[in-house]
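Structural description and commentary
Next come the chains, spelled out residue by residue.
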Amino acid sequence: MDKLQILFKLETCISILETTENVYVRKQLELIAEALVKDWNESDAYAQQIRDILNYDETMNNLDNIRI
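As the structure is a computational prediction, the values presented were derived from the model and not from experiment.

1. Considerations on the pattern of salt bridges
Counted under the stated rule, the structure contains four salt bridges. The closest approach of N and O atoms between Arg26 and Glu30, which form a salt bridge, is 3.5 Å. With Arg26 and Glu30 both in helix 2 (residues 23-54), this residue pair falls four residues apart, about one helical turn. Assigned by exposure class, Arg26 and Glu30 land together as buried. A single salt-bridge network, built from bridges that share partners, covers Arg26, Lys27 and Glu30.

As C-alpha cells, this is what we get:
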C-alpha cells in the first residue's frame, strides 16, 4: 500500500466514524493520519536535501558513465 492509499483508507475510516459516537477512535485515527503526513513530509524533505547535497542526478550519471 502506498502513502496515498494509506491516507485514503484512514480518511474513509474517519468519515465513517463521524456518523457514530466513538469520538475516541475517530480522534486517534485523525492523530495517526496527521502524524503520518508530517512524517512523510519530513522524510521527503530530508531525501530532497540529501539529493541536493550529493548532487544525486549528476553523481548517478557520472557513475553510469564510468568505464573500467
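2. Quick look at the side chain of Arg26
Judged by relative accessible area, Arg26 falls into the buried class, the value being 18%. Setting aside residues up to four positions removed in sequence, Arg26 forms contacts with Ile14, Leu17 and Glu18.

3. Section: the confidence of the model for the chain
The predicted model of the chain averages 86 in pLDDT, with 100% of residues at 70 or higher. Averaged pLDDT values for the elements of the chain fall to 85 in helix 3 (residues 56-64) and rise to 88 in helix 2.

4. Looking at the nonpolar core
Listed in full, the seven residues of the largest apolar core are Leu7, Leu10, Ile14, Leu17, Leu29, Ala33 and Trp40. Only helix 1 (3-17) and helix 2 provide two or more residues apiece to this core. Of all the elements, helix 1 adds the most residues to this core, at four residues. Ignoring any residue separated from it by four or fewer positions in sequence, one finds Ala33 in contact with Leu7, Leu10 and Ile14.

About the cut-offs
- Residues numbered from 1 in each chain as written.
- Predicted model: local features only at pLDDT ≥ 70, side-chain atom pairs only at ≥ 80, totals over all residues.
- Heavy atoms only, no water.
- Salt bridge = Lys/Arg side-chain N within 4 Å of Asp/Glu carboxyl O.
- Helix = DSSP H or I, 4+ residues; strand = E, 2+ residues; numbered from the N terminus.
- Buried < 20%, exposed > 50% of the residue type's maximum accessible area, 1.4 Å probe, protein only.
- Contact = heavy atoms within 4.5 Å.
- pLDDT = per-residue confidence, 0-100.
- Core = buried A, V, L, I, M, F, W, Y, C linked by side-chain atoms within 4.5 Å.

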